[in-house]
Amino acid sequence: MTNLQIALSVAVMAVVTFLTRALPFLLFGRDKEPPKVILYLGRFLPPAVIAMLIVYCYRSVSFAAVGGWLPAFLAGALVLILHLWKRNDMLSIVGGTIFYMFLVQAVF
Amino acid sequence: MNRKTLAAAFPHTVPVLMGYLSIGIVFGWMMSAAGFVPLWSAAMSLTIYAGSGQYLGVDLLANASPLADVAFLTLIINFRHLVYGLSMLEKFRDIKGLRKLYMIFALTDETYALLSGVTPPEGVEAKDFYFTISLLDHIYWIAGSIIGAVAGALITINTEGIDFAMTALFIVIAVEQWQSNDRHFPVFLGAGATLASLLLLGPEGGRFLIPALVILVGGLLLARPRLDPPAAGLKGGEGA
C-alpha cells in the first residue's frame, strides 16, 4: 500500500467511527425521543455483531492440515477459560496471543 | 482545565490508564508487525480512537482492503456507539462548541462507562470534569499505541501470530456481553448467519459479512416481539 492509500483508509475509519458516535446527537439532539426500534437494535445488535466478528476472525482457518485450524481454536479456548476464570482483559488477551504465537511458531 | 479538576478526574481514570496502555501497546505492536511505521499507529489512535475498531483496522490495512470494505466493516463494528450517544444526550447538554464535538468523538466504551458512573466533586465544574476524563483517556490510548509501535519496530522477535490479539479481544468482549445480558439468541443468530454466509460465499475480502448483517438485522426485527415485549423497560448502554 502507498502512504496515500494508508492515509485514505485511516481517514475513512476515523470519519465513519466519528459518525457512529455523533449520529445520536445529530438526530436526537433536542427533546426528540429515539424510536423504540433503534433502542432495541442498539441493545441486541452489539452481541450479535461481536459473534459475527469472531466468525470473521476465524474465516481463514483451513481444515486441510491440523496446523491450519487447531492453534486458533486452542488459543481461543484458552482466552475463553482465562477470561471466565479471572475476568482480566489483559491476562486473557496477552495470554491467549502468546500461546497462539507459540503454537504457530514452535509447534505446528 | 485546572489543577483541581485534574486532581479530581485522574483517580477515576486509573483503571482506564492500565487498560488503555496495555491494549494500546498490543495495537501498536501489531501495526509494526504488519509493517507500518509508528507514525501510522499514532495517527490512528489520535484520529480514530476506537479499540476494537483499530484492531480490525490493522487487519484491513494489512490486507489492503478496498475503501468501501473499510467503511462497511468500521460501521458495523462501531454500530454500538449509537447507543452510547443516546444515553449521554442529557449529560452533554450543557457542553458547547468544539469541546462538545471532542467529547462526542472521544466517547469510547471505557470513557462511556466512566462518564456514566461518575459525579464531579464539590467545587469542580461538571463539564470541565467530564472533559478532563475524556482527554486523559485519549492520551493514555495514544501513549500506549506509540510505546507498542516503537517497541515493535525496535525489538525484532518473531511476531508471527500476534494478530491473534484481535480474535482474543473479541472473545473477551463476547464473554463480557454474554454475562451482562440474559437473552442470548442474538449471539447465536450472529454466529449462525455469519457462518452460513461464509460457507456460501467464501472468505475473500470479508464480503460475506454483508448478507450476514442483513440476515442479522432482519432476524432481530422478526424476533423483536419475543426479545423485547412491549411491557418490558429498556436499558441501553451495555455492550463493549
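Keep in mind that what you see is a predicted model, and the values were worked out from it rather than measured.

Asks: Mind showing me how you'd approach the overall build of chain A here?
Replies: The secondary structure content of chain A amounts to four helices and zero strands. Counting from the amino terminus, chain A carries its helices and strands in the arrangement α-α-α-α. Relative to a compact globule of 108 residues, whose C-alpha radius of gyration would be 13 Å, chain A shows 20 Å and is clearly more extended. Looking at chain A alone, contacts between residues at least 24 apart form 33% of all its contacts between residues at least 6 apart.

Asks: Got a minute to help me understand the overall build of chain B in this structure?
Replies: In terms of helices and strands, chain B carries 12 helices and zero strands. Helices and strands in chain B line up, N terminus first, as α-α-α-α-α-α-α-α-α-α-α-α. Each principal axis of the C-alpha atoms in chain B carries an extent, and together these give about 60 × 60 × 30 Å. Counting only residues that meet the buried cut, chain B has 45% of its 240 residues in that class. Put simply, 79% of the contacts in chain B that link residues at least 6 apart link residues at least 24 apart.

Asks: Explain unusual backbone geometry here, please?
Replies: In most cases, non-glycine residues show a negative phi, while peptide bonds are predominantly trans. The backbone of arginine 87 of chain A sits at a positive phi, close to 55°, despite the residue not being glycine. Within the secondary structure, arginine 87 of chain A is located in the loop between helix H3 (70-86) and helix H4 (89-107). Here the phi dihedral of tyrosine 49 of chain B falls at roughly 55°; this positive angle occurs in a residue that is not glycine. Structurally, the position occupied by tyrosine 49 of chain B is in the loop between helix H2 (38-47) and helix H3 (51-62). On the basis of neighbour count, tyrosine 49 of chain B is assigned to the buried category, with 24 C-beta atoms found within 10 Å.

Asks: It is not clear to me how the confidence of the model for chain A should be interpreted in this structure. Could you clarify?
Replies: Atom-level detail of predicted coordinates should not be read off regions where pLDDT is low. Taken as a whole, chain A shows an average pLDDT of 90; of its residues, 96% reach a score of 70 or greater. Element-level pLDDT for chain A is lowest in helix H2 (residues 36-57) of chain A, with a mean of 86, against a maximum mean of 96 in H3 of chain A.

Asks: Is there a simple way to explain helix H1 (residues 3-27) of chain A in this structure?
Replies: Residue pairs three or four apart in sequence face the same way in an α-helix, which turns once every 3.6 residues. With 25 residues, H1 of chain A extends 35 Å between its outermost C-alpha atoms, agreeing within 8% with the 36 Å of an ideal straight helix rising 1.5 Å per residue. Maximal helix bending in H1 of chain A amounts to about 40°, located at arginine 21 of chain A; proline proline 24 of chain A follows within four positions. The elements touched by buried residues of H1 of chain A are H2, H3, helix H4 (67-77), helix H5 (81-88) and helix H6 (97-105) of chain B.

Asks: Help me understand the interface of chain B and chain A, please; the structure alone is not making it clear to me.
Replies: Buried accessible area, meaning the area lost when the parts come together, often serves as the stated size of an interface. Facing 72 residues of chain B, the contacting portion of chain A comprises 56 residues. Among the elements that line the side of chain B that touches chain A, the one with the most residues is helix H9 (residues 164-180) of chain B, at 13 residues.

Asks: I keep staring at the nonpolar core and nothing clicks. Help me out?
Replies: In globular proteins that are soluble, nonpolar side chains generally tend to be buried together. Core analysis: the largest hydrophobic core is formed by 97 residues, its most contacted members being Ala48 and Met52 of chain A together with Ala165 and Phe170 of chain B. Broken down by element, the residue count for this core peaks at 13 residues, all from H2 of chain A. Each of domain 1 (3-154) and domain 2 (181-227) of chain B accounts for three or more of the residues forming this core. In this structure, phenylalanine 170 of chain B is in contact with Ile50, Leu53, Ile54 and Cys57 of chain A together with Ser52 of chain B, ignoring residues within four places of it in sequence.

Asks: Would you explain the environment of leucine 201 of chain B in this entry?
Replies: Residue and element names in this part refer to chain B. Its place among the elements puts leucine 201 in helix H10 (residues 185-201). Along the sequence, leucine 201 and proline 211 sit 10 residues apart, while their C-alpha atoms lie 9.6 Å from each other. Residues within four places of leucine 201 in sequence aside, it is in contact with Arg207 and Phe208.

Asks: Hey, could you run me through the confidence of the model for chain B in this one?
Replies: Residue and element names in this part refer to chain B. Of the residues in chain B, 95% reach a pLDDT of 70 or more, and the chain-wide mean stands at 88. Model confidence for chain B, summarised as mean pLDDT per element, is weakest for H5 at 76 and strongest for H2 at 98. The low-confidence segment residues 232-240 (pLDDT under 50) makes 25 contacts with residues lying over four places distant or belonging to another chain. On the interface metric, ipTM, the complex scores 0.91, and its pTM is 0.84.

Asks: In this structure, what is going on with helix H7 (residues 109-117) of chain B? I would like to understand it.
Replies: Residues and elements named next belong to chain B. For H7, the full list of buried residues reads Thr111, Tyr112, Leu114 and Leu115. For H7, the buried positions fall inside an angular range of 165° around the axis, keeping them on one side. Opposite the buried face of H7, by more than 90 degrees, sit the exposed residues Ser116 and Gly117. Its buried side turned inward, H7 meets helix H1 (3-33), H5 and helix H8 (126-154).

Asks: Just checking my understanding: could you explain the domain arrangement of chain B for this structure?
Replies: All names here are of chain B. Along its sequence, chain B is carved into domain 1 (3-154) and domain 2 (181-227). Of note, the centres of domain 1 and domain 2, computed from C-alpha atoms alone, are 28 Å apart. The partner domain 2 presents five residues to the five residues of domain 1 that form the contact.

Conventions used here
One numbering rule holds for all chains: residues counted from 1, following each sequence as written. As a convention, the first chain written is A and the first ligand written is 1, with the rest following in written order. Given that the model is predicted, a residue must reach a pLDDT of at least 70 before its local features are reported, and side-chain atom pairs must reach 80 or more before they are shown or counted; all residues, however, enter totals for whole chains, interfaces and linings. Secondary structure counts use DSSP, requiring at least four H or I residues in a row for a helix and at least two E residues in a row for a strand, with both numbered from the N terminus. Atoms counted for the radius of gyration: C-alpha only. Globule rule: 2.2 Å times residue count to the power 0.38. Remark: residues whose backbone-derived C-beta atoms lie within 7 Å of one another are considered to be in contact. Residues are called buried when their C-beta atom has 20 or more other C-beta atoms within 10 Å, exposed when it has 12 or fewer, and partly exposed otherwise; all C-beta atoms are positioned from the backbone. Known as pLDDT, the predictor's per-residue confidence is scaled from 0 to 100. Multiplying one less than the number of residues by 1.5 Å gives the expected span of a helix. To obtain the bend at a residue, axes are fitted to the seven residues ending there and to the seven starting there, and the angle between these axes is taken. Buried Ala, Val, Leu, Ile, Met, Phe, Trp, Tyr and Cys residues whose C-beta atoms connect them within 7 Å together make up a nonpolar core. Note that domain bounds follow an automatic or database assignment of domains. Throughout, the arc means that of the directions going from the helix axis to the C-beta atoms.

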